[in-house]
6 protein chains.
Amino acid sequence: MAIDLDKNYVKAQHFIECLPYVRRWHGKTIVVKYGGNAMINEELKEAVLKDIILMNLIGIRTVLVHGGGPAIEEYLQRLDIKSDFKNGLRVTNEAVMETVSMVLVGKINQNTVSEINRLGGKAVGLSGKDGAMMKCRKKYAKIADGDKVHQVDIGMVGEVESFDNTLINNMLDDDYIPVIAPIGTDGDGGTYNVNADYAACKIAAALGAEKLFLLTDVEGILLDVNDKNSLISSIKASEMPLLIQDHIISKGMIPKVESCIKAIEDGVNGVHIIDGRVPHSILLELFTDSGVGTMVTKE
Amino acid sequence: MAIDLDKNYVKAQHFIECLPYVRRWHGKTIVVKYGGNAMINEELKEAVLKDIILMNLIGIRTVLVHGGGPAIEEYLQRLDIKSDFKNGLRVTNEAVMETVSMVLVGKINQNTVSEINRLGGKAVGLSGKDGAMMKCRKKYAKIADGDKVHQVDIGMVGEVESFDNTLINNMLDDDYIPVIAPIGTDGDGGTYNVNADYAACKIAAALGAEKLFLLTDVEGILLDVNDKNSLISSIKASEMPLLIQDHIISKGMIPKVESCIKAIEDGVNGVHIIDGRVPHSILLELFTDSGVGTMVTKE
Amino acid sequence: MAIDLDKNYVKAQHFIECLPYVRRWHGKTIVVKYGGNAMINEELKEAVLKDIILMNLIGIRTVLVHGGGPAIEEYLQRLDIKSDFKNGLRVTNEAVMETVSMVLVGKINQNTVSEINRLGGKAVGLSGKDGAMMKCRKKYAKIADGDKVHQVDIGMVGEVESFDNTLINNMLDDDYIPVIAPIGTDGDGGTYNVNADYAACKIAAALGAEKLFLLTDVEGILLDVNDKNSLISSIKASEMPLLIQDHIISKGMIPKVESCIKAIEDGVNGVHIIDGRVPHSILLELFTDSGVGTMVTKE
Amino acid sequence: MAIDLDKNYVKAQHFIECLPYVRRWHGKTIVVKYGGNAMINEELKEAVLKDIILMNLIGIRTVLVHGGGPAIEEYLQRLDIKSDFKNGLRVTNEAVMETVSMVLVGKINQNTVSEINRLGGKAVGLSGKDGAMMKCRKKYAKIADGDKVHQVDIGMVGEVESFDNTLINNMLDDDYIPVIAPIGTDGDGGTYNVNADYAACKIAAALGAEKLFLLTDVEGILLDVNDKNSLISSIKASEMPLLIQDHIISKGMIPKVESCIKAIEDGVNGVHIIDGRVPHSILLELFTDSGVGTMVTKE
Amino acid sequence: MAIDLDKNYVKAQHFIECLPYVRRWHGKTIVVKYGGNAMINEELKEAVLKDIILMNLIGIRTVLVHGGGPAIEEYLQRLDIKSDFKNGLRVTNEAVMETVSMVLVGKINQNTVSEINRLGGKAVGLSGKDGAMMKCRKKYAKIADGDKVHQVDIGMVGEVESFDNTLINNMLDDDYIPVIAPIGTDGDGGTYNVNADYAACKIAAALGAEKLFLLTDVEGILLDVNDKNSLISSIKASEMPLLIQDHIISKGMIPKVESCIKAIEDGVNGVHIIDGRVPHSILLELFTDSGVGTMVTKE
Amino acid sequence: MAIDLDKNYVKAQHFIECLPYVRRWHGKTIVVKYGGNAMINEELKEAVLKDIILMNLIGIRTVLVHGGGPAIEEYLQRLDIKSDFKNGLRVTNEAVMETVSMVLVGKINQNTVSEINRLGGKAVGLSGKDGAMMKCRKKYAKIADGDKVHQVDIGMVGEVESFDNTLINNMLDDDYIPVIAPIGTDGDGGTYNVNADYAACKIAAALGAEKLFLLTDVEGILLDVNDKNSLISSIKASEMPLLIQDHIISKGMIPKVESCIKAIEDGVNGVHIIDGRVPHSILLELFTDSGVGTMVTKE
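In this text the structure is predicted, and so the values were computed from the model without any measurement. (Residues numbered from 1 in each chain as written. Chains lettered and ligands numbered in written order. Predicted model: local features only at pLDDT ≥ 70, side-chain atom pairs only at ≥ 80, totals over all residues. Heavy atoms only, no water.)

Enquirer: Before we go on, may I ask you to explain the relation of the copies chain E and chain F in this structure?
Expert: In this arrangement, two copies of a chain are superimposed by a rotation about an axis accompanied by a shift along the axis. Note on the identical chains: chain E maps onto chain F by a rotation of 180° and an axial translation of 0.0 Å, with an RMSD of 0.0 Å. Such a turn and shift between the copies fits a two-fold axis. The rotation axis passes nearest to the C-alpha of Gly106(E) in chain E, at a distance of 2.0 Å. A share of 100% of interface residues in chain E that are also interface residues in chain F marks the association as one of identical surfaces. (Least-squares fit on C-alpha atoms with pLDDT ≥ 70 in both. Contact = heavy atoms within 4.5 Å.)

Structure (structure tokens):
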């Protein structure tokens, strides 16, 4: 038992070292975007959800936005639904949209809620269609054709026009963890598939969030994508467009980077692109001095 | 214009005739169960949802519980998932359960929420897993074997143990229309498929509802299933077991009838089995003297 | 019974057609001024009060301001109290004022409250003296004498200086229908008789009302008072002074027209002069496309 | 100035002597019934109303119930309306009732509200018909005929069945002084004239009042009506029926005495019959050791 | 008894004469600074505390700030702790500070709370360190040296930087009388001794107080300190610096005068330097026309 | 940096292991009694206060009750105040009581509040005299004289009669940490010195606390006081009197043990006598499976 006690002393010691951080975040709103490949490993997923529950219990108003990724692809194949890509964006007809909705809302969202509740949290699953809170407009793919750029119709893909924070704030006031699927509405019955990073960014801005965490399956933003030691640990939002221009930022990272810039512009204090494969990477960011990944700040 | 005015006079006159009924229901809670075949016709569906929005706007705390039916069957086939039936209950393995959840929560629930919002209401979609509000235990099929009755495992089919009304009441207080998919949890990560009639009955009881409306695609309870003039327009809950015993009530109606009996026992003032194919059958029940279908009362 | 059901189908159908209107007015404040000759017919009066109760029940914050008219005249005669008129305004000495107060507050107001309660509403009767909410100053008659205009003292006739909306808003928050007699105070024990149209206009402005309905016993504003087909169905407030100047508007209508102009200036969105003799004329205005009478708008 | 200061010292000294009494009554509900002959003298009336305002300001939840008396008689004569008396109760037909309502609600109640507001209080005038708060049933006169007692119909005279305290408590919570005219309703449009003493008693009971003050124009209850030194300064409710039986209590005092007994039975802690002709008799009762009049207690 | 009644009549009469004043102060915040020599006489102290309780009971949000004075001196001597004075300010090392804290918070504050509770009030004792509500910075003595002015370190003497009114307002909302010892914090564990007059001035400003009363043991501000008839009964804040410049104001009065000027600048409506030796001098100021002492006003 | 990251991984890992415990205690009330010798070491004191702040931040309603001990002794000596002991209890005359009050409230309480605020908490210092919340009666020493037991007057030593939880609950609702000195009142100006263990026990009971922690400077309850391996780690309250009877529990521990028994009887779920010399012993109890010290339970 002496050994256990020693271990527990260390544990208590570590716990108390978190005190200044706990005080720092108490009562603040933090939005976590989590999904896609980062969500596949069950063990890591449980670690992330435990972090979120802990945040909620120590008084952080915590919102989880999730994506879909592989499960959508899997079901489209099983249902034999085909869809093209234009400029990296999936052309989303009604059959695709229905599949996306079923997978995101009926499978991933519900599983996530269920997991959080199982682990002792109190989650409620929502989509942006609930309370018509996420209003969208149609988004077009931009295809370069020589000097011109054509707008190409890619179906029910949306960009967020506005997010009504009433419903989410009511739930945060009641101590629930809202879990949000990135599906929006045009307020007239139309449904839109929204990129989860963009959605999280808009939600964070609408809630006046202190932090937005984008969990990925990479280390963060790398100057050289092949060199993990080239991680940018901190960057100003205003410096990021240059990275895109200089092709330092690769394709999949672009929505994340654009979300960062937008979120910072909309008043979110800090955005963190962090490596969801590192266990408890959120806790590391919030409760220790050593963050993991790339922090984007205003100045 | 004179003619329009005349028509409008009649309309206003009819509106004012609803006054005593509006007064009667103001501030009361009413649960509507709607689904399956009754939900297929788009025009009728819109009529039902308009009724529900109107109820909400005139101050009735209105909750919608929906089922699934044909869409579940369709997707099971498309996904090539097979499932047996035991004593009329579908054996629900994990693959079936995932399909049921995707269809109920990701498709039907979201579409219903979207429709209500499009028609001017303010709906929020939930399942019984949200906030872990609908706690279930495993339900077994009962198979008679001579004198004995065997309990047969049919997988993830649940019966409701308890329903926590906190989340729904918060939403009703904020004037939302909660739309609930009948999927439950065992509080330990397990998911259960619940018969929508039974779920609606439990929800109505937990909310202390004044009325439970079960919308069906038949006229109500018929003494002779082949004779529409044999409709029982009013019956006491205590008389209903006899109908089952005497085989007057056919198979599909049994869950409805058992729900009625249970809901009345649990304190719901009145349960109505009404014909969802009749336009505005809910309004007819609530706002005129001529009800349609079968009313089940305590005494 | 089949026939009744058919009639009820029509009724429910009509009810549901009101849905967009119900949604439109829910939570808004509407002030109705009703009185004088328009209030004499018992059947019409009941129709008006039923409209008001219905408005209240479907979530409209409804305030009723009433006048007096014939009953005041009757009691002045029975009590043998004489009073002159100056420029159309009754010279109001203490004896006249006491009679006016007794008839308005003790008879008409109480009868109206009683009727509303009998018909199922929840009304509370008040005068502008309660909570000293309607502060007035003395009003003088203006008598032309050649080029000059003399101010002539006509006793306890008041014009509203300010209206404190606290008491009324408390009652609306508690779902009561406030019924207000147009009698004011100078805050120093003095009592003032106020024209009910002017009072209603000030109350509507103080409450930030969406609509003010002035129920009259004529069709609305007629271009030719002898031709009912000359009804002006819609007019801008800014165009109304011209009607007065051109003597198109007759004497009794002037306070109404001036109230309209003032109310629009003070921020009321729309004022309707409607024919109280038409059954359910308020409902026709609010819940159908065919209004009756004259609507005055800002632009 | 030295002299003024001395006088003010005495004043401040007296004020501070009230401290234990102020503390005693803070937050309690006290109902004052005041009216009839006790209300005639303007100077005394102002003194009573100032007492009531002071009570309100120092945190006593103060309700004023008034009667009518001479003014009703005066108007019945002026309007040439005749009415018989049966066993001391006025036969109240519709014409009488209308006059009573106009005088009580339209004259006395409004004047009292106005006076309180002029003196710096915040009063709201109500009758028992407002919010249908005072529900009555018909009261019959009891005429002895030899051994039998006949019930004789005396028209619209009521006795209070129940009093809904919601409206009054809302107003007390908002720091208003409710001023109540003793007119009731049968909830079906019928109006009833109620004895003000009985009404005050019922209101005090419904509000859980700590004290009920019945202001009269006599010294209190006298053992010998001709000997002012025979004042009963304190008596138990249970001893009072004997006084009636022994004819010690004269006719006009009977409603007061019966009100006392009923109020004590209904939970009011103490009832005081006090001499409204003594200036500030209420303050003397509440804020000094020397009460005036007769105190009725439970034990 | 007749005589008592007469005396009580006078008392009630005096009480009612306070009505306009009670109305005037109801709901306002008043800060009273009381201490030092003015606090020595037990009888006067009880009179002051009774005034404060009465203020609280009649709805004045009343805050008491106290000083220390003789008791601090006494304990420093008993504990044999020496301290120099620089320019009239005590050099406050840790030993002195600990003694000051023990005497102010542990003795005077607790005794005052206890006395108020004994006399029927509801007091809570606090220092500026509670909730870290009174933030201070170090104050230096200014010593003239020819033309130069040196800042001399006098230890733990503070001046108030800011006062967080949350805790006090919570207590006033709950009807407590906060009793505050003038000890502050630098938010980093440091403790500061603050002049009670300055502290009271800052607290009054932070609470948006209507009045600040500084109770002293002199008549007020005298033009000639030897002539009690030279009392300045009213003066504008802007005229006061002249009094200091002309040496009309003596040393001990300077903090009071500077507090007055600062409080008026910070928005307190009126500051009164009053003679705490006069019984009920606060009541005389608040509830009669004859104030005692010097009133400082804005204009 | 890699090493730091590893260390932080371990820290985050430990933090997340606390999740079930955080969930377990969230929203519960816990009273900590801390004082005397356990409070001397500054480093340990800071560790204890950090534990308390952390408890507060993660949603535990945390109350700190402190004692005095050595500092009281020191000041009594410095002030040359003598006091006898009777049966182990200090005879407390007025001079002693004043010193106790000054040291407890003016020194220890204020220092503790200041420390908590410095470390990032939000504390408010109170004694049982504030709001007169801790009502006491005189306690007598019991001196055996042969067969008889004499009650001996030991002055201002009190035992708690009742504790009014209003003020503390208000502060807990506002997220403050109340720090309470164990000094009581008789409600009539009298002051009482109360044993801090007894006070903490009464406060825990009055607040319906889930846990009471008594921090000592020993290991807990030892079967053999000389053998630290004889620690009783868990015991039922009902078994404790036996330990006293058998003289296993030594004198200083008796108040603690009696407090335990009383607190359990009064409904506190568990009482822990823990070793304040072990760093973060509270966290070890609450957030790990390995408690330190002796836990007293009901059954």
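Enquirer: Would you mind going over the arrangement of the chains with me for this structure?
Expert: In this structure chain A stays clear of chain C, and the shortest span between their C-alpha atoms is 14 Å. Separated throughout, chain C and chain F approach each other most closely at a C-alpha pair spaced 28 Å apart.

Enquirer: Got a minute to help me understand helix α4 (residues 70–78) of chain D in this structure?
Expert: One turn of an α-helix holds 3.6 residues; hence residues three or four places apart share an orientation. Listed in full, the buried residues belonging to α4(D) are Ala71(D), Ile72(D), Tyr75(D) and Leu76(D). The buried side chains of α4(D) occupy one side of the element, clustering within an arc of 135° when seen end-on. Of the surrounding elements, those touching the buried residues of α4(D) are α5 (94–118) of chain C together with β4 (89–90) and α5 (94–118) of chain D. Positive phi shows up at Asp80(D), right after α4(D), with a value of about 60°. (Buried < 20%, exposed > 50% of the residue type's maximum accessible area, 1.4 Å probe, protein only. Helix = DSSP H or I, 4+ residues; strand = E, 2+ residues; numbered from the N terminus. Arc of directions from axis to C-beta.)

Enquirer: Please explain the sheet that holds strand β8 (residues 177–181) of chain E as it appears in this structure.
Expert: Residue and element names in this part refer to chain E. Taken in spatial order, the 8 strands line up as β5-β8-β2-β1-β11-β13-β14-β12 in an open sheet, and their pairing is mixed. The strands lining the two open edges of the sheet, one partner per strand, are β5 (123–127) and β12 (234–236). Neighbouring strand axes in the sheet, compared pairwise and without regard to direction, differ in orientation by 20° on average. As paired elements, β5 and β8 share 5 bridges and run parallel to each other. Of the residues in β8, the one forming a bridge with Leu126 is Ile180. Of the strands in this sheet, β1 (29–34), β2 (61–66), β8 and β11 (211–216) touch helix α3 (residues 42–57), which is tilted by about 170° from β1. The sheet contacts of helix α9 (residues 254–265) involve β1, β11, β13 (270–275) and β14 (294–297), and relative to β13 the element is tilted by about 155°. (Pairing = 2+ DSSP bridges. Axes fitted to C-alpha atoms, helices over the stretch in contact; angles between N-to-C directions.)

Enquirer: Help me out: how do you make sense of the sheet that holds strand β2 (residues 61–66) of chain D in this one?
Expert: Strands in a sheet are paired, the pairing made by backbone hydrogen bonds, and the direction either parallel or antiparallel. All names here are of chain D. Read across the sheet, 8 strands follow the order β5-β8-β2-β1-β11-β13-β14-β12 without closing on themselves; strand pairing throughout is mixed. Across the chains shown, the open sheet's two edge strands, defined by having one partner strand only, are β5 (123–127) and β12 (234–236). Here the strands of the sheet are splayed against their neighbours by 20° on average, with no regard to which way each runs. Pairing between strand β13 (residues 270–275) and strand β14 (residues 294–297): 4 bridges, direction antiparallel.

Enquirer: How should a negative patch on the surface be read in this particular structure?
Expert: Taken together, the side chains of Asp174(A), Asp175(A), Asp174(B) and Asp175(B) make up a negatively charged region of the molecular surface. Relative to the helices and strands, Asp175(A) is located in the loop between α6 (166–173) and β8 (177–181). (Patch = residues over 30% accessible without salt bridge, like charges linked within 9 Å, V, L, I, M, F, W, Y side chains within 5 Å. Areas by Shrake-Rupley, 256 points an atom, 1.4 Å probe, with all protein chains shown as cover. Salt bridge = Lys/Arg side-chain N within 4 Å of Asp/Glu carboxyl O. Lys, Arg positive; Asp, Glu negative; His and termini not counted. Charge placed at Lys NZ, Arg CZ, Asp CG, Glu CD.)

Enquirer: Before we go on, may I ask you to explain the pattern of salt bridges in this structure?
Expert: A side chain with one charge can pair with a side chain of the opposite charge if their charged atoms come near. All names here are of chain A. The final tally for this structure, using the stated rule, is 108 salt bridges over all chains. Glu46 is the partner of Arg118 in a salt bridge, and the nearest nitrogen-oxygen pair spans 3.4 Å. Linking Arg118 in helix α5 (residues 94–118) with Glu46 in helix α3 (residues 42–57), this pair joins segments that are 72 residues apart in sequence. Overall, the relative accessible area of 32% leaves Arg118 in the partly exposed class.

Enquirer: Honestly, the environment of Met55(D) in this entry has me stumped. Any pointers?
Expert: Residue and element names in this part refer to chain D. With respect to the element layout, Met55 can be found in helix α3 (residues 42–57). Between the alpha carbons of Met55 and Gly291 there is a distance of 16 Å; along the sequence they are 236 residues apart. Those residues in contact with Met55, other than ones at most four positions away along the chain, are Ile30, Val32, Ile60, Thr62, Ile282 and Leu286.

Enquirer: Would you take a moment to explain the interface of chain E and chain F for this structure?
Expert: Interfaces are often described in size by the accessible area the parts lose on coming together. Facing 36 residues of chain E, the contacting portion of chain F comprises 36 residues. Note on chain E versus chain F: buried area summed over both sides is about 3000 Å², and carbon and sulfur give 50% of it. When the buried area of chain E at its contact with chain F is split by residue, Met102(E), Gln110(E) and Lys129(E) rank highest and sum to 19% of it. The interface formed by chain E and chain F holds 2 salt bridges in total. Two residues, Glu98(F) and Lys107(E), come together in a salt bridge whose shortest N-O distance is 3.2 Å. Applying the counting criterion to the chain E and chain F interface returns 16 residue pairs in polar contact (both at pLDDT 80 or more). Tallying contributions element by element places helix α5 (residues 94–118) of chain E first for the side of chain E that touches chain F, with 13 residues. Classifying every residue of the side of chain E that touches chain F gives 14 nonpolar, 14 polar and 8 charged. (Buried area = accessible area lost by both parts, 1.4 Å probe. Polar contact = N/O pair within 3.5 Å; in protein donor to acceptor, adjacent residues only side chain to side chain. Nonpolar A, V, L, I, M, F, W, Y, C, P; charged D, E, K, R; others polar.)

Enquirer: Whenever I open this one, the relation of the copies chain A and chain B confuses me. Can you help?
Expert: In the superposition of chain A on chain B (RMSD 0.1 Å, axial shift 0.0 Å), the rotation amounts to 180°. A share of 100% of interface residues in chain A that are also interface residues in chain B marks the association as one of identical surfaces.

Enquirer: How should the pairing of β14(E) be read in this particular structure?
Expert: In regular strands, side chains alternate between the two faces of the sheet. Bridge count between β12(E) and β14(E): 3 bridges; the pairing is parallel. The partner of Lys236(E) across the bridge, within β14(E), is Thr297(E).

Enquirer: Sorry if this is basic, but what is going on with the side chain of Ser127(A) here?
Expert: Along the polypeptide, Ser127(A) turns up in strand β5 (residues 123–127). Look at Ser127(A) and you get buried, because its relative accessible area is 0%. From its side chain, Ser127(A) meets the backbone nitrogen of Lys129(A) in a polar contact 3.0 Å long. Among residues more than four places away in sequence, those in contact with Ser127(A) are Val105(A), Met133(A), Ile180(A), Ala181(A), Ile183(A) and Gln110(B).

Enquirer: Looking at this structure, how should I read the side chain of Lys139(F)?
Expert: Residue and element names in this part refer to chain F. Looking at the secondary structure, you find Lys139 in strand β6 (residues 134–145). No salt bridge is formed by the buried Lys139; its nearest oppositely charged neighbour, Glu159, is found at 5.0 Å. When neighbours within four sequence positions are excluded, Lys139 is seen to be in contact with Ile154, Val157, Gly158, Glu159 and Tyr198.

Enquirer: What should I look at first to understand the packing of aromatic side chains in this one?
Expert: Two aromatic rings are characterised by how far apart their centres lie and by the angle between their planes. Counted according to the given criterion, the structure contains 0 aromatic pairs over all chains. Its guanidinium or amino end placed over the ring of Tyr176(A), Lys122(A) lies 4.4 Å from that ring's centre, counting from NZ or CZ. (Phe/Tyr/Trp six-rings, centres within 6.5 Å; stacked < 30°, edge-to-face > 60°. Lys NZ or Arg CZ within 6 Å of the ring centre and 35° of its normal.)

Enquirer: Could you clarify how one ought to interpret the interface of chain A and chain B in this entry?
Expert: Counting residues at the interface gives 36 residues for chain A and 36 residues for chain B. Approximately 3000 Å² of surface area, both sides summed, lies buried where chain A meets chain B, with 51% of it carried by carbon and sulfur atoms. For the pair chain A and chain B, the number of links is 2 salt bridges. Of all the elements in the fold, those that place two or more residues in the side of chain A that touches chain B are α4 (70–78), α5, β5 and α6 of chain A.

Enquirer: Honestly, the state of the cysteines in this entry has me stumped. Any pointers?
Expert: Here, the word disulfide means a covalent bond between the sulfur atoms of two cysteines. Scanning the model with the defined rule gives 0 disulfides over all chains in all. Cys201(B) takes part in no disulfide bond, and the closest cysteine sulfur to it belongs to Cys260(B), at a distance of 8.4 Å. (Disulfide = S-S within 2.5 Å.)

Enquirer: Help me understand the environment of Asn193(E), please; the structure alone is not making it clear to me.
Expert: Residue and element names in this part refer to chain E. By the element assignment, Asn193 lies in strand β10 (residues 191–193). Overall, the relative accessible area of 19% leaves Asn193 in the buried class. The spacing of Asn193 and Gly155 is 38 residues in sequence and 9.4 Å in space, taken between C-alpha atoms.

Enquirer: Please clarify how the packing of helix α7 (residues 196–206) of chain C against helix α9 (residues 254–265) of chain C should be interpreted in this entry.
Expert: The packing of two helices is summarised by the inter-axis angle and the distance between the axes. Residues and elements named next belong to chain C. Relative orientation of the contacting elements α7 and α9 amounts to 10°, with a least axis distance of 9 Å. For the element pair α7 / α9, the angle class is roughly parallel. Contacts between α7 and α9 involve Asp197, Tyr198, Cys201 and Lys202 from the former and Pro255, Lys256, Glu258, Ser259, Lys262 and Ala263 from the latter. Each residue belonging to the contact of α7 with α9 can be placed in one class, and the counts come to 4 nonpolar, 1 polar and 5 charged. (Parallel < 35°, antiparallel > 145°, perpendicular 65-115°, else oblique.)

Enquirer: Explain the nonpolar core here, please?
Expert: When a protein is soluble and globular, its nonpolar side chains tend to lie buried together. Counting 324 residues, the largest nonpolar core has Phe287(A), Phe287(B), Phe287(C), Phe287(D), Phe287(E) and Phe287(F) as the members making the most contacts within it. Those residues in contact with Phe287(A) that sit more than four places away from it in its chain are Cys18(A), Tyr21(A), Val22(A), Trp25(A), Ile58(A), Ile60(A) and Phe15(F). (Core = buried A, V, L, I, M, F, W, Y, C linked by side-chain atoms within 4.5 Å.)

Enquirer: Looking at this structure, I do not really get unusual backbone geometry. What am I missing?
Expert: The phi angle of most residues is negative, glycine excepted, and most peptide bonds adopt the trans form. Residue and element names in this part refer to chain A. Of note, Ala132 is a non-glycine position whose phi angle comes to about 50°, a positive value. Topologically, Ala132 is positioned in the loop between β5 and β6 (134–145). In this structure, Asp175 takes a positive phi of about 70° despite not being glycine.

Read these as spatial facts, not as claims about activity.
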